[in-house]
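Structural overview for review
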Amino acid sequence: MMKRFFLAALAVISLFSCGKDEKIPDNPTTNDVNVWVEKTLRQDYLYYTDMPEKSSLDFSKDPSAFFSALLSSKDGKDLDGSHYYYSTLKKKTATKSIDADNSYGYEFAIYKINSSTTDIAALVLYVLPNSPAAEAGLQRGDWVMTAGGTQITTSNYSTLLKSGSATTLGLYKYSTSEKTLVKDRIIPIAASRIVEDTPFLCDTIYQIGGKKIAYLFYNHFMTGPDNADETYNTRLKQIFTNYKSEGVTDFVLDMRYNGGGRVKSSQLMASLLAPSSAFGNTFCYLVYNDKNQKNNSTEKFESASSVKSANLQLTHYYFIVTSSTASSSELVINSLIPYLGRSNMTLIGTQTFGKVVGASVYDYSDTYGYILSPIAFYIYNAEHKADYADGFTPDIIRNELVLSSHGFYPLGDTRDYLLDAALSAITGQASLYGRSTLRKASSSMKLLGTSLDNEEKEATIEK
C-alpha cells in the first residue's frame, strides 16, 4: 500500500494552539492534554456551540475518548452504517508507521471472493513509476490473492499487503467471459521504500473524429515532491502550455483517485481551466466561526499574466470522478461553476465524496504527544455556495469497481471504462460498453473498500 506525503484535503496548517503565550508543562499529564484539547476546540472548532459544558467533562479520561465526547454530530458524515468524524486527534506514533515513510507504490480495491469464504482479492488500481511495484511488473488490473505464499483473507489482508518486507505476490486475472479470477503468475516484490508520489500518471493527446482531445490523470494537489518547491506546479503549467500550442479542442481531467491537497495547486489547476473573466477574481472563501472572523480569507484565481500562455480558454470541460474524489478536487469543480456554469462541466463516474469544510492542524506531537485537527471553517465559491455536502452527482454514471463486461486497462488507454465514456461524449461515437449507467455486478465477488478510503475522509487543505 502507498501512503501519500501530504495532508489530502481542505485545511489551513496552523502550528499554534491556544495562543503564543500558552505555557506547556515539561511533563504533560493526561489532564494537561485534555485541557489543551478542550481549550483549543472551545475557541476554534466550527461547531463549538454544540460542545458539552466544561463542568460536565471528566479531564482524567483517555485523551482519545475525551476528544470524541466533545465532537458535534454536524462534524463529518454517516458512512457504512456509522458516523465518521472529520476532526481528528492522533498520537505522535500514529504518523510514524511504515506506511508514512515507505511504499510498495500501488493502491488497490478489496473484494471478498464469495459469501461462503473469508478469502479476498486485491484489485490493483494504479502503480507509481520507479516503485517496487513497478519494478516487479505489477500492473493496473492485476488481482493479488496471495502474499508470501499465504492466502489473503478478511483478517490478514492489511498485514500482508502493508508489511513493507520483500515478499512474493500471487497474481490472478479477471475473466470477463467466465466472471471469475484465473491464476496468472507469481512475482517477487522488493521491500517498501520512499517513493515519489507523482501526481502525473498519464498525460496524452488523442485525435479522434476531427477532435484533438487532451487527457490528464492528475492524482493529488501538491506544489512539489517535498511541499517546499514548485516542481509539480511548474510541470502542470508546461503540460497545459503544450496542450494550448497543440490546439486541443477538448480536455478531460481525470481525478478519480484524487483525495485533495494544497490550495495553491488547486488554484492553479482551476486557473488553467477558467475563462478570462475569472483571472484575479474570487476562487473561494474560507469562513471561520464567529470567534475567528479575523481569519476569514478570500483566495483568488491566478492573474492573466501568470497563466495566459497555458490557459486553455475552452468553454466545456470533462471531469472523471469517483467517491475517492474529495476536497481540493471538489473545490476545483465548485470554484469554476460561477464562471463556467455547471452545464459546461460534464462529470463522469460516481458521486464524489462531498467535503465542504476544512480543518486547522495543531501539531503538538513533540510536547503533548498529539496532533489535533479540528474542523474550523467552511469553503465557498465566489457565489458563496457549497452545495455538495453529499458530493457532486455525475452527468454520466459509470462505476469501474462494479465488475461487469469491462476490463481494467492502463490509465490513458481508450478502452478504460471511464475514459471511454468521456471520449464518447466528446466525439459522439458509440461507447465500447453501451449505455452508461450503474450496472449490477456480474460476479459473486463483493467490493469491501479501497486502500484510498481514509484519504478523502481525513483530507485537509494545506495553504
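The rules behind each value
- Residues numbered from 1 in each chain as written.
- Predicted model: local features only at pLDDT ≥ 70, side-chain atom pairs only at ≥ 80, totals over all residues.
- Heavy atoms only, no water.
- Helix = DSSP H or I, 4+ residues; strand = E, 2+ residues; numbered from the N terminus.
- Contact = heavy atoms within 4.5 Å.
- Polar contact = N/O pair within 3.5 Å; in protein donor to acceptor, adjacent residues only side chain to side chain.
- Core = buried A, V, L, I, M, F, W, Y, C linked by side-chain atoms within 4.5 Å.
- Buried < 20%, exposed > 50% of the residue type's maximum accessible area, 1.4 Å probe, protein only.
- Axes fitted to C-alpha atoms, helices over the stretch in contact; angles between N-to-C directions.
- Parallel < 35°, antiparallel > 145°, perpendicular 65-115°, else oblique.
- Pairing = 2+ DSSP bridges.
- Left-handed = near helix turned anticlockwise from the far one by under 90°.
- Nonpolar A, V, L, I, M, F, W, Y, C, P; charged D, E, K, R; others polar.
- Expected span 1.5 Å × (residues − 1).
- Arc of directions from axis to C-beta.
- pLDDT = per-residue confidence, 0-100.

Mapped onto the fold, Lys-212 is located in strand β12 (residues 211–218). A sequence separation of 34 residues divides Lys-212 from Glu-246, and the C-alpha atoms of the two residues are 8.4 Å apart. In this view, Lys-212 contacts Ile-205, Tyr-206, Gln-207, Glu-246, Gly-247, Val-248, Thr-249 and Asp-250; residues no more than four positions away in its chain are not counted. A polar contact of 3.0 Å, which involves the side chain of Lys-212, links it to the backbone oxygen of Glu-246.

By size, the foremost hydrophobic cluster in this structure holds 78 residues, and its most contacted members are Trp-36, Leu-216, Phe-240, Phe-251, Phe-319 and Leu-336. A total of 6 residues in this core trace back to one element, the largest contributor, which is helix α9 (residues 328–340). Setting aside chain neighbours within four positions, we find Phe-240 in contact with Leu-216, Phe-251, Met-269, Leu-272, Leu-273, Ala-310 and Leu-312. Of all hydrophobic cores here, the second largest spans 39 residues; its members include Leu-123, Met-145, Ile-213 and Phe-408.

Let us look at the environment of Leu-418. Topologically, Leu-418 is positioned in helix α10 (residues 417–427). On a C-alpha basis, the gap between Leu-418 and Ile-348 in space is 6.9 Å, while along the polypeptide they are 70 residues apart. Contacts of Leu-418, omitting those with residues within four sequence positions, involve Arg-256, Ile-320, Thr-322, Ile-348, Gly-349, Arg-398 and Glu-400.

Packing of helix α6 (residues 231–245) against helix α7 (residues 263–273) brings their axes to within 11 Å, and their N-to-C directions diverge by 10°. Regarding the angle of α6 to α7, the classification is roughly parallel. Across from Asn-233, Leu-236, Lys-237 and Phe-240 in α6, the residues of α7 making contact are Lys-264, Ser-265, Leu-268, Met-269, Leu-272 and Leu-273.

Our focus in this paragraph is the sheet that holds β12. The sheet built from 6 strands is open, its strands ordered β11-β12-β13-β16-β17-β21 with mixed pairing. Since the sheet does not close on itself, it has two edges, and those belong to β11 (200–208) and β21 (396–397), each with one partner. Where strand β13 (residues 250–254) and strand β16 (residues 317–321) come together, 3 bridges link them in parallel fashion. Across the sheet, Asp-254 pairs through a bridge with Ile-320, a residue of β16. Seen against the sheet, α9 touches β16 and β17 (345–349) and runs at an angle of roughly 150° to β17.

A few words now on unusual backbone geometry. Despite not being glycine, Asn-130 has its phi angle at roughly 60°, a positive value. Mapped onto the fold, Asn-130 is located in the loop between β6 (120–127) and α4 (132–136). You will see that Gln-313, though not glycine, has its phi angle at about 55°, which is positive. Positionally, Gln-313 belongs in the loop between α8 (304–307) and β16.

Turning to the packing of α7 against α9, a few remarks are in order. The relative placement of two packed helices comes down to the angle between their axes together with the axis-to-axis distance. Two numbers describe how α7 lies on α9: the axes approach to 9 Å, and their chain directions differ by 35°. Considering the relative orientation of α7 and α9, their crossing is right-handed. Within the contact between the two elements, α7 uses Ser-266, Met-269, Ala-270 and Leu-273 and α9 uses Ser-328, Leu-331, Val-332, Ser-335, Leu-336 and Leu-340. Grouping the amino acids of the contact of α7 with α9 by side-chain chemistry returns 7 nonpolar, 3 polar and no charged.

Here we take up the pairing of β13. Within β13, 5 of the 5 residues are buried, leaving the element largely enclosed by the surrounding structure. Neither face of β13 is left uncovered, since the one carrying Asp-250, Val-252 and Asp-254 and the one carrying Phe-251 and Leu-253 both have all their residues buried. In this sheet, β13 lies alongside β12 in parallel orientation, the contact comprising 5 bridges. When the bridges of β13 are listed, Leu-216 appears paired with Leu-253.

In terms of burial, α7 is largely enclosed, as 10 of its 11 residues are buried. Inspection of α7 places Val-263, Ser-265, Ser-266, Gln-267, Leu-268, Met-269, Ala-270, Ser-271, Leu-272 and Leu-273 among the buried residues, and these make up the whole buried set.

On to the side chain of Asn-289. Looking at the secondary structure, you find Asn-289 in the loop between β14 (282–288) and β15 (297–300). Reaching out from Asn-289, the side chain makes a polar contact with the backbone oxygen of Gln-43 at a distance of 3.2 Å. At 3.0 Å, the side chain of Asn-289 forms a polar contact with the backbone oxygen of Tyr-45. Setting aside chain neighbours within four positions, we find Asn-289 in contact with Gln-43, Asp-44, Tyr-45, Leu-46, Tyr-48 and Ala-376.

Now for α6. In this model α6 runs 21 Å from its N-terminal to its C-terminal C-alpha over 15 residues, within 8% of the 21 Å that 1.5 Å per residue would give. Listing the buried residues of α6 in full gives Tyr-232, Asn-233, Leu-236, Ile-239, Phe-240 and Tyr-243. Taken around the axis of α6, the buried residues stretch over an arc of 120°, which confines them to a single face. Away from the buried face of α6 by more than 90 degrees, exposed residues Gln-238 and Ser-245 are located. Immediately beyond the C-terminal end of α6, within one or two residues, lies Gly-247, with a positive phi of roughly 70°.

Here we take up the confidence of the model for the protein. Model confidence for the protein is summarised by a mean pLDDT of 88, while 89% of its residues fall at 70 or above. Across residues 1–21 the pLDDT falls below 50, and counting only partners more than four positions away or on other chains, this stretch makes 111 contacts in the model. pLDDT under 50 marks residues 94–100. Its contacts with residues more than four places away, or in other chains, come to 11 contacts.

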